[in-house]
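Fold and geometry: a report
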There are 2 protein chains.
Amino acid sequence: MTEFELIAKYFARSTPSALIGNGDDAAVVAPREGHAFVITTDTLIESRHYLPTLDPMKLGRRLAHVNLSDLAAMGATPRFATLSLTLPHIDETWVDRFAQGLWSALDAHSVELIGGNTTRGHTSLSMTAIGEVSVVSGRAMALTRAGARAGDELWVSGSMGDAGWALYCMTGVIAAEATRQQIDAYEMPTARIRLGQALQNLATSCIDVSDGLLSEANHLAQASDVAFEIDFSQIPSTLKPMLTDPKLSAQATHCLLATGDAYELLFTVPRQRHEEVATLLRTHELAGDCIGRAVPVSPEDSVSRVRVLDASGHAMGAPLSGWDHFA
Amino acid sequence: MTEFELIAKYFARSTPSALIGNGDDAAVVAPREGHAFVITTDTLIESRHYLPTLDPMKLGRRLAHVNLSDLAAMGATPRFATLSLTLPHIDETWVDRFAQGLWSALDAHSVELIGGNTTRGHTSLSMTAIGEVSVVSGRAMALTRAGARAGDELWVSGSMGDAGWALYCMTGVIAAEATRQQIDAYEMPTARIRLGQALQNLATSCIDVSDGLLSEANHLAQASDVAFEIDFSQIPSTLKPMLTDPKLSAQATHCLLATGDAYELLFTVPRQRHEEVATLLRTHELAGDCIGRAVPVSPEDSVSRVRVLDASGHAMGAPLSGWDHFA
């Protein structure tokens, strides 16, 4: 099977929304009138971002959702994507399953694959996702990291730490058994596209939790020039039972605060809109909770602007450590 | 140096044309009124697309030009880019030179880097380039591969085979010495952006020669539903002196017809516009020539739609072999 046959068979579907679709040197696309494009790029490397044993169908799905998650964090509507596929050789069974997973995710959001690149090398999967937001008076109606104000509530959707816990259990770093739900959280994250769109008129800032909760909260804090107090006991997580197990408590705490791959949304809203957010999460059948509040920056916030408080309101002194790819 | 410091120091320049620039989950950009975006993705893998000894400054330049070349082939004006950088570790001397080369190319065309991704792994460099073409009555004013008509002339800019020859000489496949000009053609290709833009109102079809001349001509032929006759003696190349050397003739012929990395433009124009094209190439100080013509498809064109004719007008029977990454 040649490169061109591979593209034709698995990836060259029709692109009705493109002015010029796939199959030329480049594709030509335009946002709908009164809209602008939201553009993001992500790469998955074997053994770094996923285990080599991962079902390629889940991998295809994961590549799409990891990218779509950034669009969700902007409150955007997904429209187009390009795919750069680097593989050591063409294993058609693998590609077939990978493509199935990819398309299931793209189709669910009517995303058209408008181009890409295939080459030989160590497995590396890169996607550029293109979404859309409306533009009003020259201003993009997108959720950004900046905009949180002191007094705002801090919310997170879903459950924190599940994916990191599952990965540590599967690789033997933690001597415990992950549940199916936790493993699915790692292998099959779901970009919160509809939640992000619904938050457009509600949230003052938003980010997706691709790295750790504390790290992402710190990004929001820096961009918005506020600090955050997080109530540890309020953080939604399936790991809560482990917190009272002396053998697993420290590891569960670490996963909950500092491991990534959750792809949930972390966002701030004005306090008076608390009930609207609670209703919104219920409507979307999502877990999630108000986990803290934005406060003014104080002099001791030089390194981290996020303080985690225990049940009695004392700072936990938890390390701020998200994922740095080169640390 | 952390991932975030690396991005801040080398890649996070201002993006005045973006509605929301780099530094958030995604960037927000819109084409100017009456325009659409042209989008393309390319990946460079170490040892596959460039020698590990290549000066990182040239590599950065090359990554940009390889991507911009696809925009050139569409007649587009470059506007934005995203970068996905996978490196085994942060070698700051390397990154510094890489970034210098990248920016020199992007700055030359006022391209703004609006986002990207950094991760650890085998060196792999992926870029998505975003250009712009005007839209008239809902139709994108882009050069495509389709549009050549029987009777049109086939032209190519620059010199064919230089880059492939240089690579073969540097890796010992061919026992000869490449000239500085040939090595530069391989290491420092130049996307023909201004030529592509000027061809907008002149060419009936266009493609960039990233793989081999014959392979690219075949793509044009398939998309346009024509065949091509190419006069071998008319193909511009610095390899011409080697064609009369019995020891090097076969290899030079192969390089000229079938090796890639030229990043020149191959395009068709109506016969009566011959002089305009000749003038255009002179204006842009580019080599290049009319190398053949489009003819109707005949029954014997089943595999390849490109016939190469020798000086006496006989078919040379040269193999149609561009680069297939998985062949």
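Residues numbered from 1 in each chain as written. Chains lettered and ligands numbered in written order. Predicted model: local features only at pLDDT ≥ 70, side-chain atom pairs only at ≥ 80, totals over all residues.

Structural notes on the overall build of chain A
Along the backbone of chain A there are nine helices and twelve strands. Expected size for 327 residues packed as a compact globule is a radius of gyration near 20 Å; at 20 Å, chain A falls within 12% of this value. Along the three orthogonal principal directions, the C-alpha set of chain A runs to about 65 × 55 × 35 Å. Looking at chain A as a whole, 56% of its 327 residues qualify as buried. Contacts in chain A between residues far apart in sequence, at least 24 positions, make up 84% of those at least 6 positions apart. (Helix = DSSP H or I, 4+ residues; strand = E, 2+ residues; numbered from the N terminus. Rg over C-alpha atoms; globule rule 2.2 N^0.38 Å. Buried ≥ 20, exposed ≤ 12 C-beta atoms within 10 Å, placed from the backbone. Contact = placed C-beta atoms within 7 Å.)

Observations regarding the nonpolar core
Formed by 200 residues in total, the largest nonpolar core has its most connected members in A:Val28, A:Val29, A:Val38, B:Val28, B:Val29 and B:Val38. Apart from residues lying up to four places away in sequence, A:Val28 is in contact with A:Ala18, A:Leu19, A:Ile20, B:Ala36, B:Phe37, B:Val38, B:Val133, B:Ala140 and B:Ala142. (Core = buried A, V, L, I, M, F, W, Y, C linked by C-beta atoms within 7 Å.)

Considering the interface of chain B and chain A
Contact with chain B, which involves 55 residues of that partner, is made by 55 residues of chain A. By residue number, the principal contributor to the side of chain B that touches chain A is strand 2 (residues 35–45) of chain B, which donates nine residues. Where strand 2 (residues 35–45) of chain A meets strand 1 (residues 27–29) of chain B, three bridges bridge the pair, whose relative direction is antiparallel. When the sheet's bridge partners are listed, A:Phe37 is paired in strand 1 of chain B with B:Val29. (Pairing = 2+ DSSP bridges.)

Topic: the domain arrangement of chain A
Many descriptions give the size of an interface as the accessible area lost when the pieces come together. Residues and elements named next belong to chain A. As assigned here, chain A comprises domain 1 (3–140) and domain 2 (153–309). Once you take the C-alpha centre of each, domain 1 and domain 2 turn out to be 26 Å apart. Every contact between the two is made by 18 residues of domain 1 and, on the other side, 19 residues of domain 2. Every element with two or more residues in the side of domain 1 that touches domain 2 is listed here: helix 2 (56–73) and strand 3 (77–87). With eleven residues, the single largest contributor to the side of domain 1 that touches domain 2 is helix 2. For the side of domain 1 that touches domain 2, the per-class residue count stands at nine nonpolar, five polar and four charged. (Domains from an automatic or database assignment. Nonpolar A, V, L, I, M, F, W, Y, C, P; charged D, E, K, R; others polar.)

Comments concerning unusual backbone geometry
You will see that A:Ser137, though not glycine, has its phi angle at about 50°, which is positive. Tracing the sequence through the fold places A:Ser137 in the loop between strand 5 (124–136) and strand 6 (139–140).

Looking at the sheet that holds strand 8 (residues 205–208) of chain A
All names here are of chain A. Strand order in the open sheet made by the six strands is 8-10-7-11-9-12, with mixed pairing throughout. A single partner strand is all that each edge strand has here, and the edge strands are strand 8 and strand 12 (306–309). Here the average twist between neighbouring strands, direction ignored, is 25°. Bridge analysis of strand 9 (residues 227–231) against strand 12 gives four bridges, and the strand direction is parallel. Bridged to Ile-230 within strand 12 is Val-308. (Axes fitted to C-alpha atoms, helices over the stretch in contact; angles between N-to-C directions.)

Considering the environment of A:His109
Residues and elements named next belong to chain A. When you line up the elements, His-109 lands in the loop between helix 3 (92–108) and strand 4 (112–120). Spatially, the C-alpha atoms of His-109 and Ile-183 are 24 Å apart, while their sequence positions differ by 74 residues. If near-sequence neighbours (up to four positions away) are discounted, His-109 is found in contact with Leu-68, Pro-78 and Ile-193.

Observations concerning the packing of helix 4 (residues 162–170) of chain B against helix 5 (residues 180–187) of chain B
Residue and element names in this part refer to chain B. At a minimum axis distance of 7 Å, the contact between helix 4 and helix 5 shows a crossing angle of 100°. With respect to helix 5, the axis of helix 4 lies roughly perpendicular. Facing helix 4, whose interface residues are Asp-162, Ala-163, Trp-165, Ala-166 and Leu-167, helix 5 presents Gln-181, Gln-182, Ile-183, Ala-185 and Tyr-186. For the contact of helix 4 with helix 5, the residue count by class is seven nonpolar, two polar and one charged. (Parallel < 35°, antiparallel > 145°, perpendicular 65-115°, else oblique.)

Notes on the pairing of strand 5 (residues 124–136) of chain B
Residues and elements named next belong to chain B. Within strand 5, ten of the 13 residues are buried, which leaves it mostly tucked inside the rest of the structure. Here strand 2 runs beside strand 5; their pairing, made up of eleven bridges, is antiparallel. By the bridge assignment, Thr-41 is partnered in strand 5 with Thr-128. Here strand 3 (residues 77–87) pairs with strand 5 via nine bridges, running antiparallel. Residue pairing for strand 5: Ser-84 is matched across the bridge by Ser-126.

Considering the relation of the copies chain B and chain A
Once turned by 180° and shifted 0.0 Å along the axis, chain B lies on chain A with an RMSD of 0.0 Å. Overall, the copies show the geometry of a two-fold rotation axis. (Least-squares fit on C-alpha atoms with pLDDT ≥ 70 in both.)

What to know about helix 7 (residues 213–224) of chain B
All names here are of chain B. If you check helix 7, its first and last C-alpha atoms are 16 Å apart, about what twelve residues at 1.5 Å a residue would give, namely 16 Å. Most of helix 7 is tucked away: ten of the twelve residues are buried. Turning to helix 7, its buried residues number three or more, namely Leu-213, Leu-214, Ser-215, Glu-216, Ala-217, Asn-218, His-219, Leu-220, Ala-221 and Ser-224. Buried positions along helix 7 lie against strand 7 (153–157), strand 8 (205–208), strand 9 (227–231), helix 8 (249–258), strand 10 (265–269) and strand 12 (306–309). One or two steps after helix 7, the chain reaches Asp-225, where phi turns positive at roughly 55°. (Expected span 1.5 Å × (residues − 1).)

Digging into the sheet that holds strand 10 of chain B
Residues and elements named next belong to chain B. On the basis of which strands lie adjacent, the open sheet formed by six strands has the order 8-10-7-11-9-12 and mixed pairing. At either margin of the open sheet sits one strand with a lone partner, and together these are strand 8 and strand 12. The sheet shows a mean angle of 25° between the axes of neighbouring strands, taken without regard to direction. Taken together, the four bridges between strand 9 and strand 11 (residues 288–295) define a ladder with antiparallel strand orientation. Paired with Ala-227 across the strands is Val-295, a residue of strand 11. Against the sheet, helix 9 (residues 274–283) touches strand 7, strand 10 and strand 11, its axis set at about 0° to strand 7.

Side note on the confidence of the model for chain A
A low pLDDT score tells you not to read the predicted coordinates there in detail. Looking at chain A as a whole, the pLDDT averages 92, with 97% of positions reaching at least 70. Reported confidences for the modelled complex are a pTM of 0.92 and an ipTM of 0.90. (pLDDT = per-residue confidence, 0-100.)

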